[in-house]
Amino acid sequence: MNAMMPSQALNPYLPSYEYIPDGEPYVFGDRLYVFGSHDRFNGKLFCMNDYVCWSAPIDDLSDWRYEGVIYRKTQDPMNKLGLYQMYAPDVAKGPDGRYYLYYTLAFRSVMAVAVCDSPAGEYEFYGYVSHPNGDRLWDHSGDPILFDPGVLVDDDGCVYLYSGFAPIKDVPFFVTGWKKRTCKGGYVIQLQPDMKTVTGEPRLILPKAGEADGTGFEGHEFFEASSIRKIKDTYYLIYSSINGHELCYATSKSPTGGFKFGGTIISNGDLYMNGHDSDQKAYNYIGNNHGGIVQVRDQWYVFHHRHTNRHHYSRQGLAEPIEIKEDGTIQQVELTSCGLNNGPLNGRGEYEARIACHLMSAEGAGRYGVYFGNITFRKHPYFTQSGKDRENNPYQYIANMRNGAVAGFKYFLMQDVSEIAVCVRGRATGFMLVANGSHAKPIARISISPSSDFTYYGAKINIENGKQALYFTFEGSGKLDFKSLVLK
C-alpha cells in the first residue's frame, strides 16, 4: 500500500495510482480477491485498461497484492484491435472447479466468457453466452441489451447469469453495433453447467423507471450493475438504481424471480443518510456506482467506488463494513476513510489527504457528468495525482481547494493529540480550519501562506480522546492543493 501508516486498511483500499471500479469481491481459499473494471488515470472513456486483479489475505485486509494482468482486451476474437473497452466483469467458480470471467465489450451486447484454473491467473477466451444451437444470445435488433454480468453457481450446481441496462431512453443503435436494443430492466438467464449455454428463457425480474408502480421499487428502479449473492436461503441482488450514486438490494427465496426491494446499502455521496437527496447536497462528488458484497470471516462488506479528476472515467474502489440483521435487512452505511480497517485509524501519524471520504466546495458538491467536468466544476476541489497512468510512485492529493472548500475524514482514534499539521501548496493565503464534524465549531486554526512546493503548516489542537472525525475547511484567498495531514 502507498500509505503513510503501515498495517492499517484505508479508503481507497488500493494504491493511489490504481483505478479499479465496479469491484466484485470474493473469498477463494484464504484470500480476498477483487475483480473489476480498469479505468485509466484521467482517461477519456470508461474501462480503458486491461483487467487486473488484486488480493489480500483474509487476516489482513491492508496487505493488498497486485496479481497482474489477468485478461487483455485483444484476447477477445471480436476485439483483436482492442478498440472496445471491457466493461464491468464478474467471476464465478464453476462446477468443474475452474474460474469463469464474464464481461461485455462496451455496448456491443455480447456476453463473453474467459476461463482459468486459478482465481487470478491468466484467463483464456472461452466463448460467448449462446443458445444450444450456437447462436449468440440476444443477437438481433429489438432484443434486450446484455450488460454488467452477475453470476451465481448455486448450491445445487445450477448456474444463473444476471444482466441488464435500463436507462429511461433506449441506447442509440449506432452505439450498440447498429442493432436497436431494448432496455427493460434486470434479467436472469439460466446457463448449463458448461457456463456459457443458455437453458430455458431469460426472465425479467427487476423493473426499470416508469414501469415500477406498485412493485415497491419506486424511486429506486433498476438501472445497471447486477451483482448476486446467496446468504443462507435468501438471494440478494445488488444493483445500481436509476439514481446512479447508490447501490440498492432486493431479496428473494428464488434465484429466478419474486425479488422485493430491500433498500439502499451505500451512496457514494452519503445522500439519504445525510437527510438530502439532491445532487448538490451530496457530501462527496457523485456519479455512477457498482459493486458487490462479501463475507470475510464473520464480517460482511460492501465494495463500490468513487470518482476523481472531475469526471466519470477515473474511478477508485472503496469498501465499508455492513451488517446483515437477523431479519435479513441491511441498513445504509456511511462513507469513511477507514472502511476495511474495522474501526478508526490510529490517531497519530501522517495520512494522505486522498483518504478523505467527504469533499465539497463552499456551494456543495454535485454529480460529475460524462464530459466537461473541468468546466462545470472549475471552482471545486477534486482528487487527482501527479504523473501519468500507472506510474510506480505518483502521489495523489486534493487539488483546487478554494475559500469554503471542505475535506472530511472519518474516523481516527484520538489519544492525547495536541498538534495538527497539513501539507499543502499553492497561491493561497488564509487558514485551514479544523473541526470534528461537518458543521462543528473549529478546534484548530492553521495559518496558510503561499508556497510553490508542498509545505507543512501546523497549530495546536484541543480534541477529546476517542473516535473522532476531522473536517478541514479552507478560509482565505487563492487556491491550494492538500497532500496530507499530521496528528501529534
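Scroll up to find the structure this text is about.
**Quick notes on the overall build of the protein**
For the protein, the count of helices and strands is 1 helix and 31 strands. For 488 residues, the compact-globule estimate of 2.2 N^0.38 gives 23 Å, and the C-alpha radius of gyration of the protein, at 23 Å, lies within 12% of that figure. Projected onto the principal axes, the alpha-carbon positions of the protein cover approximately 75 × 45 × 45 Å. By the burial criterion, 61% of the 488 residues in the protein qualify as buried.

**Details of the sheet that holds strand β6 (residues 99-104)**
With antiparallel pairing, the 4 strands of this open sheet are ordered in space as β5-β6-β7-β8. In the strand order of this sheet, the two ends are held by β5 (90-93) and β8 (124-128), each with one partner. Going across the sheet, the axis of each strand differs from the next one's by a mean of 30 degrees, ignoring polarity. In terms of strand pairing, β5 meets β6 through 4 bridges, oriented antiparallel. Opposite K93, over in β6, you have Y99 as the bridge partner.

**Description of the environment of N268**
Tracing the backbone through its elements, the reader meets N268 in the loop between β16 (260-267) and β17 (292-296). In this structure the C-alpha to C-alpha distance between N268 and H307, which are 39 residues apart in sequence, comes to 8.7 Å. A polar contact of 3.1 Å, which involves the side chain of N268, links it to the backbone oxygen of N288. From its side chain, N268 meets the backbone oxygen of H305 in a polar contact 3.3 Å long.

**Looking at the pattern of salt bridges**
In the structure shown here, the tally under the stated rule is 20 salt bridges. Among the salt bridges present, the one from K230 reaches D154, with a minimum N-O distance of 3.1 Å. Taken together, the residues K230 in strand β13 (residues 222-231) and D154 in the loop between β9 (150-153) and β10 (159-164) connect sequence positions 76 residues apart. Its relative accessible area of 27% is what places K230 among the partly exposed residues. Here K410 makes a salt bridge to E334, at a shortest N to O gap of 3.1 Å. Of this pair, K410 sits in strand β25 (residues 406-414) while E334 sits in the loop between β19 (315-322) and β20 (345-346), placing them 76 residues apart in sequence. Accessibility expressed as a relative area gives 13% for K410, which makes it buried.

**A few points about the sheet that holds β17**
Pairing within the open sheet is antiparallel, and its 3 strands lie in the order β17-β18-β19. The sheet is open, and its two borders are formed by β17 and β19, each paired with just one other strand. Taken over all neighbouring pairs, the strand axes of this sheet differ in orientation by 30 degrees on average, direction set aside. With 8 bridges connecting them, strand β18 (residues 299-307) and β19 associate as antiparallel partners. Residue pairing in the sheet places V302 in a bridge with E320 of β19.

Rules of the game
Residues numbered from 1 in each chain as written. Predicted model: local features only at pLDDT ≥ 70, side-chain atom pairs only at ≥ 80, totals over all residues. Heavy atoms only, no water. Helix = DSSP H or I, 4+ residues; strand = E, 2+ residues; numbered from the N terminus. Rg over C-alpha atoms; globule rule 2.2 N^0.38 Å. Buried < 20%, exposed > 50% of the residue type's maximum accessible area, 1.4 Å probe, protein only. Pairing = 2+ DSSP bridges. Axes fitted to C-alpha atoms, helices over the stretch in contact; angles between N-to-C directions. Polar contact = N/O pair within 3.5 Å; in protein donor to acceptor, adjacent residues only side chain to side chain. Salt bridge = Lys/Arg side-chain N within 4 Å of Asp/Glu carboxyl O.

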